[in-house]
Amino acid sequence: PAGLHLVVFQTGHALFPPGWLSSVQQFAGRERIAYARIIDELLEQAGRFAADLSEGNATAAIASAERYGRCITQLAAAASAPLQSVPFLQAMELAKEIGGIAKTTNYGNVGIAMFATPEAANLFSRACRAPLVALDVDLDRSGVRRLALSQTGESAAFHTPAPETGASSISAEAIV
């Protein structure tokens, strides 16, 4: 949505400890009902997030992403595999203080902070301190691209092309 302002950042550390997925799988085998409840809530929040994005509701999308993040934290605690990246946890706290959220991508060495105003996004970018680094990239339906090359100042080619999708093709399963 036009009202959703994103900041891609790098933490330098993975959010999930080694063996995290294995710990979650073991938890799923031991505690099927508890695991299913958490996964159901993750899917619900991912579905809400996708719907909020499709409807263009940036504020609701941020709230859904925040609830999704709480579910991930709950899953990590239940699986006895807590999230361990201090820089990423600091990014989450910083984004929250500014009125947004920070969400991991992949295993947490790169994240996306989401805000309802460009001022909040700019404040987050300026407040990042090493090892947090706000990346000079832009996200859109075409993928991730650098806004400028550090040495030349020229626009760069796309780094990570996104699949061709329409707003209605976003699914909760894809987000989870």
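Novice: Explain the environment of Gly 99 here, please?
Specialist: Inspection of the secondary structure puts Gly 99 in the loop between helix 4 (86-98) and strand 2 (101-105). For the pair formed by Gly 99 and Ala 121, sequence separation is 22 residues and the distance between their alpha carbons is 9.5 Å. Apart from residues no more than four positions distant in its own chain, Gly 99 is found in contact with Ile 62 and Phe 115.

Novice: For this particular structure, what's the right way to read the pattern of salt bridges?
Specialist: Two side chains carrying opposite charge are able to pair once their charged atoms lie near each other. Using the criterion set out here, one finds 2 salt bridges in the structure. Arg 48 is paired through a salt bridge with Glu 44; the nearest N and O atoms lie 2.7 Å apart. Remark: Glu 44 and Arg 48 occur in helix 2 (residues 32-55); sequence separation between them is 4 residues, near one turn of the helix. Accessibility expressed as a relative area gives 37% for Glu 44, which makes it partly exposed. When the shortest N-O distance is used, the salt bridge between Arg 70 and Glu 66 registers 2.7 Å.

Novice: Is there a simple way to explain the packing of helix 2 against helix 3 (residues 58-78) in this structure?
Specialist: What describes two packed helices is the angle between their axes and the distance between those same axes. Taken N-terminus to C-terminus, the directions of helix 2 and helix 3 make an angle of 160 degrees; their axes are 8 Å apart at the nearest point. Taken as axis vectors, helix 2 and helix 3 run roughly antiparallel relative to one another. Remark: the crossing between helix 2 and helix 3 carries left-handed chirality. Of the residues in helix 3, those touching helix 2 at Tyr 35, Ile 38, Ile 39, Glu 41, Leu 42, Gln 45, Ala 46, Arg 48, Phe 49, Asp 52 and Leu 53 are Ala 60, Ala 61, Ser 64, Ala 65, Arg 67, Tyr 68, Cys 71, Ile 72, Gln 74, Leu 75 and Ala 78. Looking at the contact of helix 2 with helix 3, its residues break down into 15 nonpolar, 3 polar and 4 charged.

Novice: It is not clear to me how the packing of aromatic side chains should be interpreted in this structure. Could you clarify?
Specialist: Any two aromatic rings considered together are summarised by their centre-to-centre distance and by the angle between their planes. Overall, the coordinates contain 4 aromatic pairs when judged by the stated rule. Considering the side-chain rings of Phe 27 and Tyr 35, the 6.2 Å spacing of their centres and the 75 degrees angle between planes classify their relative orientation as edge-to-face. Assessed through its relative accessible area of 3%, Phe 27 is described here as buried. Taken together, the ring pairs in this structure connect Phe 9, Phe 88, Phe 115 and Phe 124 into an aromatic cluster.

The rules we used
- Residues numbered from 1 in each chain as written.
- Predicted model: local features only at pLDDT ≥ 70, side-chain atom pairs only at ≥ 80, totals over all residues.
- Heavy atoms only, no water.
- Helix = DSSP H or I, 4+ residues; strand = E, 2+ residues; numbered from the N terminus.
- Contact = heavy atoms within 4.5 Å.
- Salt bridge = Lys/Arg side-chain N within 4 Å of Asp/Glu carboxyl O.
- Buried < 20%, exposed > 50% of the residue type's maximum accessible area, 1.4 Å probe, protein only.
- Axes fitted to C-alpha atoms, helices over the stretch in contact; angles between N-to-C directions.
- Parallel < 35°, antiparallel > 145°, perpendicular 65-115°, else oblique.
- Left-handed = near helix turned anticlockwise from the far one by under 90°.
- Nonpolar A, V, L, I, M, F, W, Y, C, P; charged D, E, K, R; others polar.
- Phe/Tyr/Trp six-rings, centres within 6.5 Å; stacked < 30°, edge-to-face > 60°.

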